[in-house]
Structures are given as C-alpha cells and as structure tokens.
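Secondary and tertiary structure notes
Next come the chains, spelled out residue by residue.
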Amino acid sequence: MRWIIIIGVLLLQVSCASEKEKKDSSGNNNVILETRDSIPEITFSKTIHDFGKIIQGEVVGTNFTFTNTGNSNLLVLDASASCGCTVPKWSKEPVSPGNKGTLEVIFDSSGREGKQNKSITVRTNTSDQYIVLYITAEVETEK
C-alpha cells in the first residue's frame with residue numbers, strides 16, 4: 001500500500017512539472033504549440049534516379065535536390081548507401097526554411113553487371129527522420 005502512495009506522489013510531481021514546462025513566462029500554453037509548429041520538413045524534387053544504360057567501369061553521379069518546407073532549420077545528419085559502390089555527399093550546413101540543398105550520389109559501376117538497384121537512406125532532423133532515395137542503372141560490358 002505504501003508503494004502505491006509513493007508512486008502516486010511521484011506521478012503527480014512529474015505531471016505538475018510537465019504542466020510548468022508547457023507554460024511560457026506569461027502563463028500561456030503557447031510554448032509546446034510553437035515547438036510542434038517549428039519542425040523542419042524535407043521535400044525532394046525526386047526520390048528515384050535512373051542512369052539508364054552505362055558501360056561497366058563508368059562512374060556516374062546525380063544530385064537529389066531538396067527544399068526545407070518546414071519552419072525551422074533542416075539538417076541532413078547522415079546518409080548511407082546500401083552498397084560500397086554508391087557514395088552520398090551532402091553539406092553539413094543547416095538549410096533554413098524555404099531554401100534548397102543537394103545530396104550528391106556517385107555510383108561506381110566497376111565490377112557490376114546487369115540491372116543495378118541501390119538505395120540511400122538519409123537521416124534528418126525532421127519528424128519522419130528517414131527518407132530513402134533510389135538509383136538504378138543497367139550496366140553493360142563492352143562488346
């Protein structure tokens with residue numbers, strides 16, 4: 001019984017602390033709403049790029065352009081490819097609301113043959129956090 005009372009008191013204290021955090025200096029509950037509205041959003045102009053037919057050994061690249069359609073600075077925190085033959089590069093600088101950024105993807109077709117499908121997972125500070133981009137190519141050997 002004593003534990004139930006202690007747990008109840010602790011929950012009440014946590015609940016009260018949360019209520020205090022929600023109020024700004026004037027006593028209004030606007031702080032949480034402003035924080036929720038201040039989330040960056042990323043919108044890519046394309047999420048798939050097809051290099052078409054390329055000759056084995058060619059190194060090709062493309063840029064994935066994105067816009068920060070949110071209300072606070074957007075950060076691309078990380079980008080990783082599904083294969084070592086694909087290398088993503090991006091700026092570590094924040095992208096302010098309304099501005100554009102690019103993520104460059106380089107694909108090295110050395111040692112590859114036939115249809116290639118690669119993915120690049122992009123981690124951001126948006127509410128969705130992860131976006132997956134795709135590249136494809138048809139790698140042909142020289143005849």
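As the structure is a computational prediction, the values presented were derived from the model and not from experiment. (Residues numbered from 1 in each chain as written. Predicted model: local features only at pLDDT ≥ 70, side-chain atom pairs only at ≥ 80, totals over all residues. Heavy atoms only, no water.)

Considerations on the packing of aromatic side chains
For the coordinates displayed, the defined rule picks out two aromatic pairs. In this structure, Lys 46 packs its charged tip against the face of Phe 64, placed 5.4 Å from the ring centre. Sitting over the ring of Trp 90, Lys 92 keeps its end group 3.7 Å from the ring centre. (Phe/Tyr/Trp six-rings, centres within 6.5 Å; stacked < 30°, edge-to-face > 60°. Lys NZ or Arg CZ within 6 Å of the ring centre and 35° of its normal.)

Some thoughts on the environment of Val 76
With respect to the helices and strands, the residue Val 76 is situated in strand β4 (residues 76–81). Separated by 34 residues in the primary sequence, Val 76 and Ile 42 place their C-alpha atoms 9.5 Å from one another. Not counting residues up to four positions away in its chain, the partners in contact with Val 76 are Phe 66, Trp 90, Leu 103, Val 122, Arg 123 and Thr 124. (Helix = DSSP H or I, 4+ residues; strand = E, 2+ residues; numbered from the N terminus. Contact = heavy atoms within 4.5 Å.)

Digging into the side chain of Thr 86
Residue position: Thr 86 is located in strand β5 (residues 86–90). In this structure Thr 86 touches Ala 81, Val 105, Ile 106, Phe 107, Lys 118, Ile 120 and Ile 135, once residues within four positions along its chain are discounted.

As for the pairing of strand β8 (residues 130–140)
In this structure, strand β2 (residues 48–55) lies alongside β8, joined through six bridges in parallel fashion. Counterpart to His 49 in the pairing with β8 is Ile 135. In terms of strand pairing, strand β7 (residues 114–124) meets β8 through 10 bridges, oriented antiparallel. Its bridge partner being in β8, Lys 118 is matched across the sheet by Ile 135. Hairpin connection, β7 to β8: the antiparallel pair is bridged by five residues, and Gln 129 has positive phi, about 65 degrees. (Pairing = 2+ DSSP bridges.)

Description of the pairing of strand β6 (residues 100–108)
Side chains of β6 alternate between two faces, with Gly 101, Leu 103, Val 105 and Phe 107 buried and Lys 100, Thr 102, Glu 104, Ile 106 and Asp 108 left unburied. Pairing of β5 with β6 involves five bridges; the strand directions are antiparallel. Across the sheet, the residue bridging to Val 87 is Ile 106, located in β6. (Buried < 20%, exposed > 50% of the residue type's maximum accessible area, 1.4 Å probe, protein only.)

Some thoughts on the sheet that holds β8
Taken together, four strands build an open sheet; the order of strands is β2-β8-β7-β4 and the sheet is mixed. Every interior strand has two partners, whereas the edge strands, β2 and β4, have only one. Across the sheet, the axes of successive neighbouring strands diverge by a mean angle of 20 degrees, strand direction being ignored. (Axes fitted to C-alpha atoms, helices over the stretch in contact; angles between N-to-C directions.)

As for the confidence of the model for the protein chain
Looking at the protein chain as a whole, its pLDDT mean stands at 83, while 73% of the residues score no less than 70. Scored below 50 in pLDDT, residues 9–26 makes 11 contacts in the model with residues more than four places away or belonging to other chains. Here residues 28–34 is a poorly scored stretch, pLDDT under 50, and it has 11 contacts once near neighbours within four places are set aside; other chains count. (pLDDT = per-residue confidence, 0-100.)

Here's the deal with the environment of Val 105
By secondary structure assignment, the location of Val 105 is in strand β6. Taking relative accessible area as the criterion, Val 105 reaches 0% and is therefore assigned buried. Taking the C-alpha atoms as reference, Val 105 lies 5.5 Å from Thr 62; in sequence the two are 43 residues apart. Once you skip the residues sitting within four places of it in the chain, Val 105 turns out to touch Val 60, Gly 61, Thr 62, Phe 64, Thr 86, Val 87, Pro 88, Ile 120 and Ile 135.

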